[in-house]
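Residue-level listing of the chains:
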Amino acid sequence: MSQQGGDPEQEAGPEGGQTTDTGKTDAARRALVSLGKEVSRQWQKPEQGRQCCQRRGRRPVAVDSSRAKTSAEALRICIQQLKWREFPSGRHLFCDIYWHGVSFHDGEVSCSSQVNKFPGMMEMTRKVNFSRAVRTMQELFPDEYKFYPCSWILPEEYQHFVDQVRLSKENDSSWKPTFIVKPDGGSQGDGIYLIKDSSDIRMLANHHSKPAVVQEYISKPFLIDKLKFDIRLYVLLKSIDPLEIYIAKDGLSRFCTEPYQEPNSKNFQRVFMHLTNYSLNIHSGNFVHSDNVNTGSKRTFSSILAKISLKGYDVKKVWSDIITLVIRAIIALIPELKVYHQTYIPSGKPGPTCFQILGFDILLMKNMKPILLEVNANPSMRIEHEQEISPGVFEYVPSPVDEEIKVAIIRDTLRLIDPTLQKNNYSQSHSTEYSTENEGDDITKAEAHSKAESSSGTEVNWPPLCLKQVFPKYTKQFSYLLIVERIALLFIRFLGIKGTMKLGPTGFRTFIRTCKLSNSNLPMASVDILYIDIARRWNIVHGDRGESGMCLQAFMEAIFLMAQRRYKSPPLREQVEALVNFCEYQLDALDEKHFRGKSDQKSSLIAYHPERPRSGAVSNVHLLNRLSTSNRLQTSSLPASREKQPVKSMNRRASRSIAPPLNILY
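Residues numbered from 1 in each chain as written. Predicted model: local features only at pLDDT ≥ 70, side-chain atom pairs only at ≥ 80, totals over all residues. Heavy atoms only, no water.

**Side note on the overall build of the chain**
Phase 1: The number of helices and strands found in the chain is 22 helices and 19 strands.
Phase 2: Every one of the 666 residues in the chain was classed for burial, and the buried ones make up 49%.
Phase 3: Here the chain has roughly 33900 Å² of accessible surface; of this, 52% comes from carbon and sulfur atoms. (Helix = DSSP H or I, 4+ residues; strand = E, 2+ residues; numbered from the N terminus. Buried < 20%, exposed > 50% of the residue type's maximum accessible area, 1.4 Å probe, protein only. Areas by Shrake-Rupley, 256 points an atom, 1.4 Å probe, with all protein chains shown as cover.)

**Comments concerning the packing of aromatic side chains**
Phase 1: Scanning the model with the defined rule gives 19 aromatic pairs in all.
Phase 2: Between Phe 491 and Phe 555, the aromatic rings sit 5.4 Å apart at their centres with planes inclined by 55°, giving tilted as the arrangement. Residue Phe 491 is found in helix 16 (residues 483-493), and its partner Phe 555 is found in helix 19 (residues 552-566); the two are separated by 64 residues along the sequence. Each of the two residues, Phe 491 as well as Phe 555, counts as buried.
Phase 3: Relative to Phe 511, the ring of Phe 508 lies with its centre 6.2 Å away and its plane at 45°, an arrangement referred to as tilted. You can see Phe 508 and its partner Phe 511 sitting in helix 17 (residues 505-514), three residues apart, about one turn around the helix.
Phase 4: In this structure Phe 508 comes out as buried when scored by relative accessible area, which is 1%.
Phase 5: Classification of Phe 511 as buried rests on a relative accessible area of 0%.
Phase 6: Aromatic ring contacts, followed pair by pair, group Phe 491, Phe 494, Phe 508, Phe 511, Tyr 531 and Phe 555 into a single cluster.
Phase 7: A cation sits over an aromatic face here: Lys 298 above Tyr 278, 3.7 Å from the ring centre. (Phe/Tyr/Trp six-rings, centres within 6.5 Å; stacked < 30°, edge-to-face > 60°. Lys NZ or Arg CZ within 6 Å of the ring centre and 35° of its normal.)

**Notes on the pattern of salt bridges**
Phase 1: Tallied over the full model, the rule gives 31 salt bridges.
Phase 2: Residue Glu 485 is joined to Lys 338 by a salt bridge in which the shortest nitrogen-to-oxygen separation is 2.5 Å. Here Lys 338 lies in helix 11 (residues 315-344) and Glu 485 lies in helix 16, a separation of 147 residues in the sequence. Assigned by exposure class, Glu 485 and Lys 338 land together as buried.
Phase 3: Here Asp 402 and Lys 406 are joined by a salt bridge, their closest N and O atoms 2.9 Å apart. Of the two residues, Asp 402 and Lys 406 both sit in helix 12 (residues 400-416), four residues apart, roughly one turn of that helix. (Salt bridge = Lys/Arg side-chain N within 4 Å of Asp/Glu carboxyl O.)

**A word on the sheet that holds strand 2 (residues 85-87)**
Phase 1: Read across the sheet, five strands follow the order 2-1-3-4-14 without closing on themselves; strand pairing throughout is parallel. Two strands bound the open sheet, and with one partner strand each, they are strand 2 and strand 14 (353-354).
Phase 2: In terms of strand pairing, strand 1 (residues 62-67) meets strand 2 through three bridges, oriented parallel. From the neighbouring strand, Val 63 faces strand 2, where its bridge partner is Glu 86. (Pairing = 2+ DSSP bridges.)

**Details of the nonpolar core**
Soluble globular proteins tend to pack their nonpolar side chains together in the buried interior.
Phase 1: Membership of the largest hydrophobic core comes to 113 residues, with the highest contact counts inside it found for Phe 360, Phe 508 and Phe 511.
Phase 2: No other element matches helix 11, which puts 17 residues into this core.
Phase 3: Excluding its chain neighbours within four sequence positions, the residues that come into contact with Phe 508 are Leu 503, Val 527, Leu 530, Tyr 531, Met 550, Phe 555, Ala 558 and Met 562.
Phase 4: Counting 34 residues, the second-largest nonpolar core is a separate cluster that includes Val 61, Leu 75, Phe 355 and Leu 416. (Core = buried A, V, L, I, M, F, W, Y, C linked by side-chain atoms within 4.5 Å. Contact = heavy atoms within 4.5 Å.)

**A look at the state of the cysteines**
Phase 1: Scanning the entire structure with this criterion turns up zero disulfides.
Phase 2: Residue Cys 466 stays outside any disulfide, its sulfur separated by 9.6 Å from that of Cys 78, the closest cysteine.
Phase 3: You can call Cys 466 buried: its relative accessible area is 18%. (Disulfide = S-S within 2.5 Å.)

**With respect to the pairing of strand 3 (residues 97-100)**
Phase 1: On strand 3, burial covers both faces: Ile 97 and Trp 99 on one face and Tyr 98 and His 100 on the other are all buried.
Phase 2: Looking at chain direction, strand 1 and strand 3 are connected through three bridges and run parallel. Looking at strand 3, one finds that Val 63 is bridged to Ile 97.
Phase 3: As defined by bridge partners, strand 3 adjoins strand 4 (residues 114-115) across two bridges and the pair is classed as parallel. Within strand 4, the position partnered with Ile 97 by the bridge is Gln 114.

**Side note on the sheet that holds strand 5 (residues 151-154)**
Phase 1: The strand order 5-8-6-7 describes an open sheet built from four strands, whose pairing is antiparallel. Both edges of this open sheet fall to strand 5 and strand 7 (193-195), since each of them pairs with a single strand only. Between one strand and the next, the sheet's axes are offset by a mean angle of 25°, whatever the strand orientation.
Phase 2: In this sheet, strand 8 (residues 212-216) lies alongside strand 5 in antiparallel orientation, the contact comprising four bridges. When the bridges of strand 8 are listed, Ser 151 appears paired with Gln 215.
Phase 3: The sheet contacts of helix 6 (residues 127-140) involve strand 5, strand 6 (179-183) and strand 8, and relative to strand 5 the element is tilted by about 135°.
Phase 4: Contacts from helix 7 (residues 158-171) reach strand 5, strand 6 and strand 8, with the element oriented near 145° to strand 5. (Axes fitted to C-alpha atoms, helices over the stretch in contact; angles between N-to-C directions.)

**Digging into helix 12**
Residue pairs spaced three or four apart in an α-helix point in one direction, given the helix's 3.6 residues per turn.
Phase 1: Helix length check: helix 12, at 17 residues, gives a terminal C-alpha distance of 24 Å against a target of 24 Å (1.5 Å per residue), a fit within 8%.
Phase 2: The element helix 12 is largely enclosed, with a buried count of 14 among its 17 residues. (Expected span 1.5 Å × (residues − 1).)

Listed below in structure tokens is the structure:
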């Protein structure tokens, strides 16, 4: 006001420069009139008025893109569209969002900020670790995890691979498989090759060899224009606790550049025929750059679906199977991710909020069943490609297909994690968390998101989100798969030392005693032997020469062995679930006893302080302590003699939760 109407203390009064009460009143009146005229001028300019209101209502979201790497250009476009503020060289003050190009550890992040990487995701999507995670699920749910090819981990399982292939050939002389070898740390098709026999593997069968995965090659893929192709689908993992998954409604299809033939001794080396990697095929003379999303060596997935539909296939069923595959694959990753998250961002302590865009590479078989090839923690979000403008001279030119897909995905990811909308969405997210009764309210959620954007002061001129939520929306169909996550929560509870990812011998003994697992069939001496044997073997597998102890995979092996020893009737899934239910029941009883003691202690303190206002703090703490077990099946009705009951009765609810395939059409 003083700048617009003058400083009242320096206004000249009627008495030749002396200030009086009347002079002060006149000065104040003139300042108010001047301010009113300024407001009127703002209302006469709608665009400026909106910007003024936006500046006064909230500051623009600050995004640190200094480590964005290949996604920098697409991210810049999205930030401009959202009218946010980009810091491409970093910022001495903390930003709202940090966009990392490789991993969670790329740089320093504010505790109150958001970062586009989860700790441990890059490690868990490596071919060896991911194959182990899926194999664990295959042991428990063999029918549900057939979408991932049979895999062997080299070099540790080399002999097992040789023996199994030999035995299979002896049992079926007509079986003539082809295998594909993928280096653990390889990317962009580097180091991948095909073999017909185990003797063709290019490595020594010892622990000094570089780790790799060998899988059965999918020799009968679905073809378009006689070419093999794969699908790159983008998946947003918005949260792991609670689990929240979004799938992009469109993706990319990458084509080989030579007509496909089933593998034989003559075409093994023809990578342009067998490998769909864009980074390989771009060097083929047959690669076609196209500005049309329906043609060329890289197209949109929606254009492929249109061709599939014209051939009479059920596109709705294809999408349903792909969504099911994605949810099951992420559920396999969640247990280890929670251990990593607890290590780097301990619960109860301030830390950044994480989200991540993943790239799922999927192959369609002739029968239209999707097969998962791999999951990429850092899918390329580049929206341009190299083009040779003269011999030996290359430059980057825009790629319309990439820009159409990737810009929309990044922009809508930012819209979903917009920090200015978190307060508006807080009550809604808690009211729908893990709900199985609101599976048909997509329109309601879209309207709620638009309303939240409107109330935050942003201009909503966007099309509907290109990302569709599939979890927790379809929790009911997949909740029975969360048994391994419940094992991970038991593991985390007894880790003891913060920042460690391995369970020591004391922690393991405490777990056994607390859950009352020791008995005549499993005395504590046997517990110690079990721990030493399993922990030592897994430390050798991982090559750990530093930190000793039992990793999560070793802990799960111990759980499986104890479940089989305790409950004699198979299948393994029911045995493991029975043991986990029993452990959770014992821990619930212990927590209840501890809570009751705390409540009694507080009651006695309140008796000595009658003036103190009543508070629900203790009750809230108790609820927070139980949040980590919110995904488990209810065990409150289980009697103390639970271990004597038939295993079948412990799994009724899980059996009922198995639902038919999803029925979804985009």
